[in-house]
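# Structure at a glance
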Amino acid sequence: MEELIDIYDRERNFTGLTVPRKGARLGEGQYMLYVLAIIQDMQGRMLITQRSMDKSWGAGWWEVPGGGVSAGEASEEAIVRELSEEVGLDVSGYPLEIVHSYVNDDPDGDNYIVDIYRFRLDFTKDDVVLQAEEAIDCNLVSFDEVEQLAEQGVFLHFSRIKQALEKAR
């Protein structure tokens, strides 16, 4: 089944346009919506996942869980769905607060808005169930370890995650 996405303007207003996600190249002033989650355990370690090797972009790189918002779905609904699907964690009973948002303008039409959420959960790595087509591994790591992965050039969205953590203090 083809995944559809809603298209928004820069101010996050729905434009009325819905398109297939695969291969979407958006025009100027058109954006799709993504969600990311900084999930910390009770010791403050972050859950990171390693992208599947068959990903067309960033294969094998590390990231925080998240994904695209589907057509007709709100950001809050998407983060709950994405975390359930990708890492098997249920955050539906937790406060859903965006700690940082940003807009990406790309001359090639990969325009998007990202909402970053933060959760502190009582869980262990054994509680994580990875979605095989999305991730091949996961780990609970300190911020310093994430920074080291970023310095190696194998962690996605590091500067944005850093900004979100600074805002969430």
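Scroll up a little and you will see the structure.
These remarks concern the structure in this document. All values derive from a computational prediction rather than experimental measurement.

### Section: the layout of surface pockets
- The space that makes up the largest pocket amounts to roughly 1,200 Å³.
- For the largest pocket, the lining is made up of 33 residues, of which Arg-21, Tyr-34, Arg-51, Lys-55 and Ser-56 are closest to its centre.
- Of all the secondary structure elements, the ones that give two or more residues to the lining of the largest pocket are strand 3 (32-40), strand 6 (66-68), helix 1 (75-87) and strand 8 (112-120).
- Here the residues of the lining of the largest pocket are counted per class, giving 9 nonpolar, 8 polar and 16 charged.

### Points about the nonpolar core
- By size, the foremost hydrophobic cluster in this structure holds 25 residues, and its most contacted members are Ile-48, Ile-116, Phe-155 and Ile-161.
- Top contributing element to this core by residue count: helix 3 (residues 158-167), with 4 residues.
- Sequence-distant contacts of Phe-155, defined by excluding residues within four places in its chain, comprise Ile-48, Trp-61, Trp-62, Glu-63, Val-64, Val-146, Leu-149, Ala-150 and Ile-161.

### A short note on unusual backbone geometry
- Positive phi, normally seen in glycine, also occurs at Arg-12, with a value near 75°.
- Position of Arg-12 among the secondary structure elements: in the loop between strand 1 (4-8) and strand 2 (14-20).
- Arg-12 sits in the partly exposed class, given a relative accessible area of 36%.
- Phi at His-157 is positive, roughly 65°, even though this residue is not glycine.
- In this fold, His-157 is placed in the loop between helix 2 (143-151) and helix 3.
- For His-157, a relative accessible area of 24% corresponds to the partly exposed category.

Cut-off values and rules
Residues numbered from 1 in each chain as written. Predicted model: local features only at pLDDT ≥ 70, side-chain atom pairs only at ≥ 80, totals over all residues. Heavy atoms only, no water. 1 Å grid on protein atoms, 1.4 Å probe; cavity = no way out; pocket = protein on both sides within 12 Å on 5 of 7 lines; lining within 4 Å. Points joined across faces, edges and corners; volume = space filled by probe spheres on them. Helix = DSSP H or I, 4+ residues; strand = E, 2+ residues; numbered from the N terminus. Nonpolar A, V, L, I, M, F, W, Y, C, P; charged D, E, K, R; others polar. Core = buried A, V, L, I, M, F, W, Y, C linked by side-chain atoms within 4.5 Å. Buried < 20%, exposed > 50% of the residue type's maximum accessible area, 1.4 Å probe, protein only. Contact = heavy atoms within 4.5 Å.

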